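Report on the structure
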Amino acid sequence: MRSVFVGSRARPPKMNPDPLAVELVAALAAARQSLATAESLTGGLIGAAVTAVPGASSSYLGGVVSYATRLKAELAGVPQRILDEWGPVAEATAAAMAAGVRCRVGADWGLAVTGVAGPEPQDGHQPGEVWIGIAGPDGSSAASKIQLAGTREQIRTATVRAALAQLLGELAAISSQG
């Protein structure tokens, strides 16, 4: 085994948390609720954005990256019949991913994304087609479609921000009711 020494001159890159992630962690903490994520096209970027926030461990329990279609069933809990009928890039799939990860991790909220980052289309879906699924504490789940444009990196980054914003909107709607 080889040891690696990092001298005092080496500094890790500064990572400023995404303001939406900061707001989301604060909202979850204020509500004393937890979050789990299931990610496909973002490959863990949502989890990375949330865990970049100091104190995220009070609300973020963890997540799965289910990039391969079969892992959406095996890890994220999507019923195989949904994948067979609708495929990996679909409203039903995103909603089931969110509900599945919420239940499997034991979180109050499940947040999921699936879609096509590009540059090529996938199974008839164009780059930029993204489904965001949210499952809430009441057991309900739903998904919404967004259409993004740009490079693969831009689509993935915009997906993270859109998913964080949508969940923040759900939390705000619930807190205004209560």
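Residues numbered from 1 in each chain as written. Predicted model: local features only at pLDDT ≥ 70, side-chain atom pairs only at ≥ 80, totals over all residues. Heavy atoms only, no water.

**Here we look at unusual backbone geometry**
- Note that the residue after glycine 118, namely proline 119, is joined by a cis bond; omega there is 10 degrees.
- Here proline 119 is to be found in the loop between β3 (109–115) and β4 (129–135).
- Despite not being glycine, arginine 32 has its phi angle at roughly 55 degrees, a positive value.
- With respect to the helices and strands, arginine 32 occurs in the loop between α1 (19–31) and β1 (35–39).
- Classification of arginine 32 by relative accessible area gives exposed; the value is 78%.
- Positive phi is not limited to glycine here, since aspartate 123 has a value of about 50 degrees.
- With a relative accessible area of 65%, aspartate 123 lands in the exposed category. (Helix = DSSP H or I, 4+ residues; strand = E, 2+ residues; numbered from the N terminus. Buried < 20%, exposed > 50% of the residue type's maximum accessible area, 1.4 Å probe, protein only.)

**Details of the side chain of serine 34**
- Of note, serine 34 is situated in the loop between α1 and β1.
- Beyond its immediate stretch of four places on either side in the chain, serine 34 contacts Leu28, Ser59, Leu61, Gly106, Ala107, Asp108 and Trp109. (Contact = heavy atoms within 4.5 Å.)

**Concerning the pattern of salt bridges**
- Per the stated rule, a full pass over the model turns up 2 salt bridges.
- When the shortest N-O distance is used, the salt bridge between aspartate 18 and arginine 161 registers 2.6 Å. You can see aspartate 18 sitting in the segment before α1 and its partner arginine 161 sitting in helix α6 (residues 152–177), a full 143 residues away along the chain.
- A salt bridge links arginine 70 to glutamate 74; the nearest nitrogen and oxygen atoms lie 2.8 Å apart. On the criterion of helical spacing, the pair formed by arginine 70 and glutamate 74 is a turn pair, its members being 4 residues apart in helix α3 (residues 69–74). (Salt bridge = Lys/Arg side-chain N within 4 Å of Asp/Glu carboxyl O.)

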